[in-house]
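# Close look at the chain arrangement
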Amino acid sequence: MLKDSILLKVENLVTSFSTENGRIRAVDDISFELREKQILGIVGESGCGKSVTALSILRLLPKPSGIIESGKIFFKHTDILRLPPEKMHSIRGNRISMIFQEPMTALNPVHTIGKQLEEIFHLHFPNMPKKQIRDESVELLQKVGIPDPESRMNEYPHQISGGMRQRVLIAIALAAKPDILIADEPTTALDVTIQSQILDLMIQLQKETGMAIIFITHALGVIAEICDDVVVMYAGKVAETAPVKQLFKEPKHPYTKGLLASIPRLESPRKKKLSIIKGMVPSLYELPQGCRFQNRCPDAMEICSTRPPSLKRVADDHFVSCYLY
Ligand code: SF4
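Residues numbered from 1 in each chain as written. Predicted model: local features only at pLDDT ≥ 70, side-chain atom pairs only at ≥ 80, totals over all residues. Heavy atoms only, no water.

### Let's talk about the overall build of the protein chain
Looking only at helices and strands, one finds 11 helices and 12 strands in the protein chain. In terms of C-alpha radius of gyration, the protein chain reaches 21 Å, essentially the compact-globule figure of 20 Å for 325 residues. Relative to its full complement of 325 residues, the protein chain shows a buried share of 48%. Considering only contacts in the protein chain between residues 6 or more positions apart, those separated by 24 or more positions represent 64%. For the protein chain, the computed accessible surface area is about 16,400 Å², with 53% contributed by carbon and sulfur atoms. Counting 41 positive and 37 negative side-chain charges, the protein chain places the averaged centre of each group 3 Å from the other. (Helix = DSSP H or I, 4+ residues; strand = E, 2+ residues; numbered from the N terminus. Rg over C-alpha atoms; globule rule 2.2 N^0.38 Å. Buried < 20%, exposed > 50% of the residue type's maximum accessible area, 1.4 Å probe, protein only. Contact = heavy atoms within 4.5 Å. Areas by Shrake-Rupley, 256 points an atom, 1.4 Å probe, with all protein chains shown as cover. Lys, Arg positive; Asp, Glu negative; His and termini not counted. Charge placed at Lys NZ, Arg CZ, Asp CG, Glu CD.)

Printed below as a string of structure tokens:
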């Protein structure tokens, strides 16, 4: 039974892909929870399984190569992995929406912004009168900070900037008033000033709508700005999970410590070199026995190569998967 405040619970999820060189597990036995109104960050290097986790939640894995091998994903009290496709379709977009990294490819270049937004209202609220759909679309564009929304409705995606396109995508994702918004690297393709405007917008919209957000990024600095809690992923596994403040104050996993040491800080002396995590993420085809971080870990011990460490509680809501604890 889920606690009432838990909106989404991922339990022992295993997702794999068949490739020319055999089957690989992109996500291997991960668990985490998302509470109502929470902004949860999932952070890690590219290929760590964070986007595959999002696609697994929405059951949008590329077919036929991607499959969920095992695990459960509860949305409220329903295991959505067991829902028939039509029921899942109504949850997707309706209760759980997603925005992607590259706004140009996510929008249809041959339709106006207004048409694309109105279509979502038609789909989710089939009985809504046309005039109301138009008014709500304009209002939504205004809400996400698009100036002169009436005339923007008639423009095509290529006529507006990358930052505006990402705002349009956020408006589209919000049209169905979802309970959960999954944002996969939504600011990566944007320049730094626009990035911070979009982050501010997401925080503001979360406060106004009360929705929960899963924010996926490779940048721990972005997590600090926007998230309440964070899941650090490495090579398909959860390395550490904690409230953001706790993670920044007392990181436990050597990988998290390495990520934190690589963030530029204002108070650091100007000539101080940023630290980098030496070595490479292991290939999913050749994962080592034991801890997946062992080839890069400054604290590796003999036990680390025997079997994978399991996630242990080190403080309230702070879990780490490492033999040091
Ligand atoms: Fe390093 Fe061992 Fe901890 Fe892995 S389990 S992070 S190798 S100390």
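### Brief notes about the pattern of salt bridges
This model, assessed by the stated rule, comprises 18 salt bridges. With a shortest N-O distance of 3.3 Å, Arg-296 and Glu-45 are connected by a salt bridge. Placement of Arg-296 in the loop between helix H11 (254-261) and strand S11 (312-315) and of Glu-45 in the loop between strand S3 (39-43) and helix H1 (50-57) is noted, with a sequence separation of 251 residues between them. One salt bridge in this structure joins Asp-179 and Arg-95, with 2.8 Å as the shortest N-O distance. Residue Asp-179 is located in the loop between helix H7 (162-174) and strand S7 (180-184), and its partner Arg-95 is located in the loop between helix H2 (85-91) and strand S6 (96-99); the two are separated by 84 residues in the primary sequence. By relative accessible area, which is 26% here, Arg-95 ends up partly exposed. (Salt bridge = Lys/Arg side-chain N within 4 Å of Asp/Glu carboxyl O.)

### A word on the environment of Ala-242
Residue position: Ala-242 is located in strand S10 (residues 237-243). In this structure the C-alpha to C-alpha distance between Ala-242 and Ile-67, which are 175 residues apart in sequence, comes to 28 Å. Not counting chain neighbours up to four residues away, the residues in contact with Ala-242 comprise Asp-229, Val-230, Leu-247, Asp-317 and His-318.

### Comments concerning the sheet that holds strand S2 (residues 22-35)
Across the sheet, which stays open at both edges, the 4 strands sit in the order S2-S1-S4-S5 with antiparallel pairing between neighbours. This sheet does not close on itself; its edge strands, each paired only once, are S2 and strand S5 (78-79). Relative to S5, strand S4 (residues 66-75) runs antiparallel, the two sharing 2 bridges. Following the sheet pairing, Phe-75 is matched in S5 by Thr-78. (Pairing = 2+ DSSP bridges.)

### Side note on the layout of surface pockets
Empty space within the largest pocket amounts to approximately 570 Å³. Around the largest pocket, the lining is made up of 24 residues, and of these Gly-93, Met-98, Ile-120, His-124 and Ile-172 lie nearest the centre. Among the elements of the structure, H2, S6, helix H4 (113-124) and H7 are those that each provide at least two residues to the lining of the largest pocket. Looking at which element gives the most residues to the lining of the largest pocket, the answer is H4, with 5 residues. Residue composition of the lining of the largest pocket, grouped by class: 13 nonpolar, 9 polar and 2 charged. Approximately 490 Å³ is the volume found for the second largest pocket. (1 Å grid on protein atoms, 1.4 Å probe; cavity = no way out; pocket = protein on both sides within 12 Å on 5 of 7 lines; lining within 4 Å. Points joined across faces, edges and corners; volume = space filled by probe spheres on them. Nonpolar A, V, L, I, M, F, W, Y, C, P; charged D, E, K, R; others polar.)

### Structural notes on the sheet that holds S10
Within a sheet, adjacent strands bond to each other through the backbone by hydrogen bonds, running parallel or antiparallel. With mixed pairing, 8 strands are arranged side by side in an open sheet as S6-S7-S8-S3-S9-S10-S12-S11. The sheet terminates laterally at S6 and S11, the two strands that pair on one side only. The mean angle between the axes of side-by-side strands here comes to 20°, regardless of whether they run parallel or antiparallel. By the bridge criterion, 4 bridges tie S6 to S7 in an arrangement that is parallel. In the strand pairing of S7, Ser-97 is matched with Leu-181. In the packing of helix H8 (residues 192-209) onto the sheet, contacts are made with S3, S6, S7 and strand S8 (212-217), and the angle to S8 comes to roughly 160°. Against the sheet, H11 engages strand S9 (229-234) and S10, with an angle of about 105° to S9. (Axes fitted to C-alpha atoms, helices over the stretch in contact; angles between N-to-C directions.)

### Comments concerning the environment of Ala-235
Along the polypeptide, Ala-235 turns up in the loop between S9 and S10. C-alpha of Ala-235 to C-alpha of Arg-292: the two residues are 57 residues apart in sequence and 6.7 Å apart in space. In contact with Ala-235, not counting residues within four places along its chain, are Cys-48, Val-281, Pro-282, Leu-284 and Arg-292.

### Quick notes on the packing of H4 against helix H5 (residues 130-143)
Running from N to C, H4 and H5 point in directions that differ by 115°, and their axes come no closer than 9 Å. For the pair H4 and H5, the crossing hand works out as right-handed. Facing H4, whose interface residues are Ile-113, Leu-117, Glu-118, Phe-121 and His-122, H5 presents Ile-133, Arg-134, Glu-136, Ser-137, Leu-140 and Leu-141. Considering only residue class, the contact of H4 with H5 consists of 6 nonpolar, 2 polar and 3 charged. (Left-handed = near helix turned anticlockwise from the far one by under 90°.)

### With respect to the pairing of S7
The two faces of a sheet get side chains in turn, since along a regular strand they alternate between them. Counted residue by residue, S7 has 5 buried out of 5 residues, so it is predominantly covered. Side chains Ile-180, Ile-182 and Asp-184 project from S7 onto one buried face, and the interleaved Leu-181 and Ala-183 project onto a second face that is buried too. Bridge count for S7 against S8 is 5 bridges, and the pairing is parallel. Note on S8: the bridge partner recorded for Ala-183 is Phe-215. For the crossover from S7 across H8 to S8, the handedness is right-handed. (Right-handed = clockwise from strand over helix to strand, strands pointing away.)

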